[in-house]
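Breakdown of the fold
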Amino acid sequence: MNFSSEHPKIVVVGSCSLDLILYTDKIPSCNETVIARHSENFFGGKGANQAVGTARLGASVHFVGCVGIDPLGQQIMRNLVNENVNVGFVYETDQEATGIAYVTSCNGDFSIVVDPASNKKLTVKQIDDAEKYIHSASLILLQLEIPMEIIEYTIAKAKNLGKMIGLYASPGAKLNDHLLDQVDFIIARSNELSIIFGEDKREEIFKKYHNKLFVRDETNSTIYFDGTEMKYFRNEHESMMYKMGMGDAFTSGFAIALCHKNTIEDCVKFGNLVSSKVSLGKGAQTALPYLKDLK
């Protein structure tokens with residue numbers, strides 16, 4: 001792995017929220033009630049996770065997002081500042097509360113329901129306000145927990161400015177070919193491929209997006225097609241206990257390695273390494289590693 005002395009400049013456009021986690025003996029099925037053993041709160045949201053993840057890995061990060069005018073929104077803002085993330089483009093809205101993800105967790109498996117709330121209020125104007133920083137960025141990162149209109153607008157603006165764009169296509173949603181062609185790399189969950197790309201065969205999807213589509217699963221494995229063959233890398237630690245946030249951690253590691261001009265294979269390996277560290281702790285942001293701990 002190569003790391004230059006220059007700090008990559010990254011703009012993350014995405015969601016921020018609180019993860020409310022209920023630990024149970026089973027994931028409830030339809031019409032079933034279960035009793036939680038205990039609960040915990042962690043800062044989350046795929047956008048905020050990636051902002052913190054890339055900042056801890058040495059990037060200069062601006063985050064564009066939206067919180068409610070409530071105590072939780074203020075807590076999220078303070079946390080981002082403490083993580084050396086620039087929050088000059090995190091906006092407050094009085095139309096929605098700050099977003100919350102409700103998580104049921106059982107023996108490492110989990111189910112999640114997200115209430116985007118304030119994340120739905122991110123506007124085109126707010127993207128325009130951040131154009132100066134998008135113009136100077138090394139990379140723009142997006143996910144799918146904000147309105148699709150904002151995702152498409154941000155990608156088009158970044159493309160017009162000649163910027164490198166990364167998309168973590170989660171939660172899975174149908175994406176049009178034009179959007180997929182504009183981004184430089186796509187990270188997706190294996191169980192959401194048919195949602196994102198339609199019913200095309202997996203082999204055809206990989207070949208169409210060679211060295212561009214990186215598919216993840218819960219064992220911390222990553223699969224992609226390098227133009228010649230399928231490549232497979234896996235970092236599953238026997239002590240893996242916390243699978244939430246692994247995709248954001250991988251995206252952060254992959255993005256940083258790419259900004260430092262490493263090979264695609266090395267970017268994948270580094271992304272897997274970062275993701276494996278998150279799986280050993282609690283909290284999608286809390287367990288994110290620092291670059292000094294990975295060299």
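Rules used throughout
- Starting from 1, residues in each chain are numbered consecutively following that chain's sequence as written.
- With the structure being a predicted model, the display of local features is reserved for residues of pLDDT at least 70 and the display and counting of side-chain atom pairs for 80 or more, all residues being used for whole-chain, interface and lining totals.
- For side-chain calculations, the full set of non-hydrogen atoms in the structure is used, while hydrogens and water are omitted.
- What is meant by a nonpolar core is a set of buried Ala, Val, Leu, Ile, Met, Phe, Trp, Tyr and Cys residues, joined one to another through side-chain atoms within 4.5 Å.
- Buried, partly exposed and exposed residues are distinguished by accessible area as a fraction of the type maximum, computed with a 1.4 Å probe on protein chains only: under 20%, between the cut-offs, and over 50%, respectively.
- Here a helix means four or more residues in a row that DSSP labels H or I, a strand means two or more in a row labelled E, and each is numbered from the N terminus.
- Contact definition: two residues touch when any of their heavy atoms are within 4.5 Å.
- A pair of strands is labelled paired if DSSP reports no fewer than 2 bridges between them.
- Helix axes use the C-alpha atoms of the stretch in contact, all axes being lines fitted to C-alpha atoms, and the angles between their N-to-C directions lie in the range 0 to 180 degrees.
- Should the near helix be turned anticlockwise from the far one by less than a right angle, the crossing is termed left-handed; should it be turned clockwise, right-handed.
- Residue classes follow a fixed rule: Ala, Val, Leu, Ile, Met, Phe, Trp, Tyr, Cys and Pro count as nonpolar, while Asp, Glu, Lys and Arg count as charged, and any other residue, Gly among them, counts as polar.
- The working definition used for a salt bridge is a side-chain nitrogen of Lys or Arg within 4 Å of a carboxyl oxygen of Asp or Glu.

1. As for the nonpolar core
- Core analysis: the largest hydrophobic core is formed by 44 residues, its most contacted members being Ile10, Phe63, Leu80, Phe185, Phe214 and Phe254.
- At eight residues, the largest contribution of residues to this core is made by helix H9 (residues 246-259).
- Apart from the residues lying within four places of it in its own chain, the contact partners of phenylalanine 254 are Phe185, Phe214, Ile264, Cys267, Val268 and Gly271.
- Val11, Ile127, Leu144 and Ile165 belong to the second-largest nonpolar core, a separate cluster that totals 37 residues.

2. A word on the sheet that holds strand S7 (residues 109-115)
- Reading across the sheet, the four strands line up as S3-S2-S6-S7 and stay open at both edges, with mixed pairing between neighbours. With one partner strand each, in any of the chains shown, strand S3 (38-44) and S7 form the two edges of the open sheet. For this sheet, the mean inter-axis angle between neighbouring strands, taken without regard to orientation, is 20°.

3. Considering unusual backbone geometry
- Cis rather than trans, the peptide bond between serine 170 and proline 171 has omega equal to -5°.
- Along the chain, proline 171 turns up in the loop between strand S9 (164-168) and helix H6 (177-182).
- Although it is not a glycine, asparagine 84 sits at a positive phi angle of roughly 65°.
- Relative to the helices and strands, asparagine 84 is located in the loop between helix H2 (71-82) and strand S5 (85-93).
- Under the relative-accessibility criterion, asparagine 84 is labelled exposed at 64%.

4. Some thoughts on the packing of H9 against helix H10 (residues 264-278)
- Close contact between H9 and H10 brings their axes to 7 Å; oriented N to C, the two are set at 140°. Judged by the sense of rotation from one axis to the other, the crossing of H9 with H10 is right-handed. In this structure, H9 contributes Met246, Ala249, Phe250, Gly253, Phe254, Ala257 and Leu258 to the contact, and H10 contributes Ile264, Cys267, Val268, Phe270, Gly271, Asn272, Val274, Ser275 and Val278.
- In the contact of H9 with H10, the residues fall into twelve nonpolar, four polar and no charged.

5. Structural notes on the pattern of salt bridges
- Tallied over the full model, the rule gives 13 salt bridges.
- Across the pair glutamate 131 and lysine 157 runs a salt bridge, and its minimum N-O distance is 2.7 Å. With a gap of 26 residues between them, glutamate 131 in helix H4 (residues 131-136) and lysine 157 in helix H5 (residues 148-160) connect regions that are remote in the sequence.
- Under the relative-accessibility criterion, glutamate 131 is labelled partly exposed at 31%.
- On the basis of relative accessible area, lysine 157 is assigned to the buried category, the value being 12%.
- Aspartate 293 is the partner of lysine 292 in a salt bridge, and the nearest nitrogen-oxygen pair spans 3.4 Å.
- One continuous salt-bridge network, built from bridges that share partners, spans Glu229, Lys231, Glu265 and Lys269.

By themselves, these observations are geometric and do not establish any function.
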